[in-house]
Amino acid sequence: MTTQHITVSVNGEAHEADVEPRLLLVHFLRDDLGLTGTHVGCDTSNCGACTIHVDGVSAKSCTMLAVQADGRELKTIEGMASEPTLHPLQQAFWDQHGLQCGFCTPGMIMQAAWLLAENPDPDEAEIREGISGNLCRCTGYVNIVKAIQQAAGELSAAESAPVVAAGTVDGQEVSAEPAAAG
Ligand code: FES
Ligand code: FES
């Protein structure tokens, strides 16, 4: 069977593989790389459960072939944060009860992350439009919208917090992390 050699970066890690030209990107991620946080919820490109970032842009990975990802940088839900830390969106979905079964959640979070990267202060209508390609079959959208609003506030606060230079001030060690919002 004909295969094509691809090289992709996934969550900052380089991967090479020989794949069939017909292999969908979502199946490459799940079955070849074991990144099962990216879900398959439909066969019509409607549900958004498979949403990832391709070169920083939100994309439904069931609508791409693995060979189309050759040379690109991919991010999946597994790359959003390292345990035990949660990404602000993950924490906000937890805090606001933005999930029940959780099947839609990885795709919802990847879509929301892209939405907030494009528009850090969206209003409710913009959030609802931004996630309109992602379906949740059990929660409804009220708490999902609240979660995205919470994360938007936290991400903007972190962004605007003064950055403290690493070094020593008055004999005290300080880090280069943004100062915590008060
Ligand atoms: Fe439903 Fe990709 S699996 S849109
Ligand atoms: Fe179940 Fe969204 S939480 S599909």
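In short, a report on the structure. (Residues numbered from 1 in each chain as written. Chains lettered and ligands numbered in written order. Predicted model: local features only at pLDDT ≥ 70, side-chain atom pairs only at ≥ 80, totals over all residues. Heavy atoms only, no water.)

### Here's the deal with a negative patch on the surface
The criterion, for reference: Patches here are clusters of residues that have more than 30% relative accessible area and form no salt bridge, with a 9 Å joining cutoff for like charges and a 5 Å cutoff for nonpolar side chains (Val, Leu, Ile, Met, Phe, Trp, Tyr). Methods summary: accessible areas were calculated by the Shrake-Rupley approach with a probe of 1.4 Å, and residue burial reflects only the protein chains presented. A pairing counts as a salt bridge when a side-chain nitrogen of Lys or Arg comes within 4 Å of a carboxyl oxygen of Asp or Glu. Residues counted as positive are Lys and Arg, residues counted as negative are Asp and Glu, and His and the chain ends are not counted. Working definition for charges: the position is that of NZ of Lys, CZ of Arg, CG of Asp or CD of Glu. For helices the rule is a DSSP run of H or I covering at least 4 residues; for strands it is a run of E covering at least 2, with both sets numbered from the N terminus onward.
A grouping of Asp-121, Asp-123, Glu-126 and Glu-129 is seen on the molecular surface, where their side chains present a negatively charged patch. In this structure, Asp-121 sits in the loop between α3 (105-118) and α4 (124-130).

### Description of the packing of helix α2 (residues 88-95) against α3
As a reminder, the rule being used: Every axis in this analysis is a line fitted to C-alpha atoms, fitted for helices over the stretch in contact. Angles between the N-to-C directions lie between 0 and 180 degrees. Each angle gets one of four labels, with under 35 degrees taken as roughly parallel, over 145 as roughly antiparallel, 65 to 115 as roughly perpendicular, and the rest as oblique. Left-handed describes a crossing whose near helix is turned anticlockwise from the far helix by less than a right angle; the clockwise case is right-handed. The contact rule is simple, with two residues in contact once any of their heavy atoms fall within 4.5 Å. Residues are sorted three ways: Asp, Glu, Lys and Arg are charged, Ala, Val, Leu, Ile, Met, Phe, Trp, Tyr, Cys and Pro are nonpolar, and all the rest, Gly among them, are polar.
Where α2 contacts α3, the axes come no closer than 10 Å and their chain directions differ by 125°. Viewed along their axes, α2 and α3 adopt a mutual orientation that is oblique. In this structure, α2 meets α3 at a crossing whose hand is right-handed. Within the contact between the two elements, α2 uses Leu-89, Gln-90 and Phe-93 and α3 uses Thr-105, Met-108, Ile-109, Ala-112, Ala-113 and Leu-116. Residues belonging to the contact of α2 with α3 are distributed by class as follows: seven nonpolar, two polar and no charged.

### Examining the sheet that holds strand β4 (residues 57-60)
Put simply, the rule reads: We call two strands paired when DSSP finds no fewer than two bridges between them.
Pairing in this open sheet of five strands is mixed, and the strands run β2-β1-β5-β3-β4 from one edge to the other. At either end of the open sheet lies a strand with only one pairing partner, and these are β2 (13-19) and β4. Along the sheet, successive strands turn relative to each other by an average axial angle of 40°, direction set aside. Of the pairings in the sheet, the one linking strand β3 (residues 51-54) to β4 comprises four bridges and is antiparallel in character. Its bridge partner lying in β4, Thr-51 is registered against Lys-60. Along the sheet, α3 makes contact with β3, β4 and β5 (73-75), crossing β3 at roughly 40°.

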